[in-house]
Amino acid sequence: TQLLEQSPQFLSIQEGENLTVYCNSSSVFSSLQWYRQEPGEGPVLLVTVVTGGEVKKLKRLTFQFGDARKDSSLHITAAQPGDTGLYLCAVLTSGTYKYIFGTGTRLKVLA
Amino acid sequence: EAGVTQFPSHSVIEKGQTVTLRCDPISGHDNLYWYRRVMGKEIKFLLHFVKESKQDESGMPNNRFLAERTGGTYSTLKVQPAELEDSGVYFCASSPIGYVRGQETQYFGPGTRLLVL
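To start, this report covers the structure provided alongside it. For every chain, the first residue of the written sequence is number 1, and numbering continues from 1 along that sequence. Written order determines the labels here, with chains lettered from A and ligands numbered from 1. In keeping with the model being predicted, local features are shown solely for residues with a pLDDT of at least 70 and side-chain atom pairs are shown and tallied solely at 80 or more, while totals for entire chains, interfaces and linings include all residues. No hydrogens and no water enter the side-chain calculation; it runs on all heavy atoms of the structure.

**Considering the overall build of chain B**
Helix and strand labels come from DSSP, where a helix needs a run of H or I of at least four residues and a strand needs a run of E of at least two; each type is numbered from the N terminus. Secondary structure assignment for chain B yields 0 helices and 11 strands. Restricting the calculation to C-alpha atoms gives the radius of gyration, and the globule rule supplies 2.2 Å times the number of residues raised to the power 0.38. The C-alpha radius of gyration of chain B comes to 14 Å, within 12% of the 13 Å expected for a compact globule of 117 residues. By principal-axis analysis of the C-alpha atoms, chain B measures approximately 40 × 30 × 30 Å. Buried residues in chain B amount to 50% of all 117 residues. Working definition of accessibility: Shrake-Rupley area with a 1.4 Å probe, residue cover restricted to the visible protein chains. A total accessible area of about 5700 Å² is found for chain B, and carbon and sulfur atoms account for 51% of it. Counting rule for charge: Lys and Arg are taken as positive, Asp and Glu as negative, and neither His nor the chain ends is counted. In plain terms, the charge of a residue is placed at NZ if it is Lys, CZ if Arg, CG if Asp and CD if Glu. Between the mean site of the 13 positive side-chain charges and the mean site of the 13 negative ones, chain B shows a separation of 3 Å. For each residue, the accessible area found with a 1.4 Å probe, counting protein chains only, is set against the maximum for its type, and the residue is called buried under 20%, exposed over 50%, and partly exposed in between.

**Concerning the environment of Gly85 of chain A**
All names here are of chain A. Mapped onto the elements, Gly85 comes out in strand β9 (residues 85-92). Between the C-alpha atoms of Gly85 and Leu19, which are 66 residues apart in sequence, the distance is 14 Å. The criterion used for residue contact is that any of the two residues' heavy atoms lie within 4.5 Å. When residues no more than four places from it in sequence are discounted, the contact partners of Gly85 are Gln37, Thr105, Arg106 and Leu107.

Structure representation (structure tokens):
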């Protein structure tokens, strides 16, 4: 059973378009992280959301933590080719040191 | 400041052989994590060190995998003997002590791509 489901799995869009990707679970988390990974590299942390309903912005990226802290979304405004990559959500399982990663959304932004 | 480094970047071995992967964390980072991504699957936690002590090794697949962190600096992950299903990308990540759990910034290395034939 996958704890964190991400959708869509793949997304190919034109430069300038907007998009939203999702990270869903049936479990409640105290915090959730979003990473971006580019080919040949390790994941890079983008943001950590902590409070239910919290919205964080990172330039053209807007992250939201669900009110019930079970899900999160990442919205990209006016996507650029540099946004291309694998977007991953991750959480720490309660009472452990074990981080769980989602299946990822592979985004390609075409110029 | 140097990031997390991993060696080798790629390794191709035959089933039954031994492979040792190395991770050098960012200097001063006491937390060190090993993860693995098998083709088409999500990144999975293997284990976590704080300095030289294993805090959680619940993700290690079986006793063919042995991780060490001598002196709390670099870490090695040895697979002996390697099986076909061990193929994948092995990532190492490090972070400093002091973060609230679940909110730490893990710095990942570029990974070691292991192929077992």
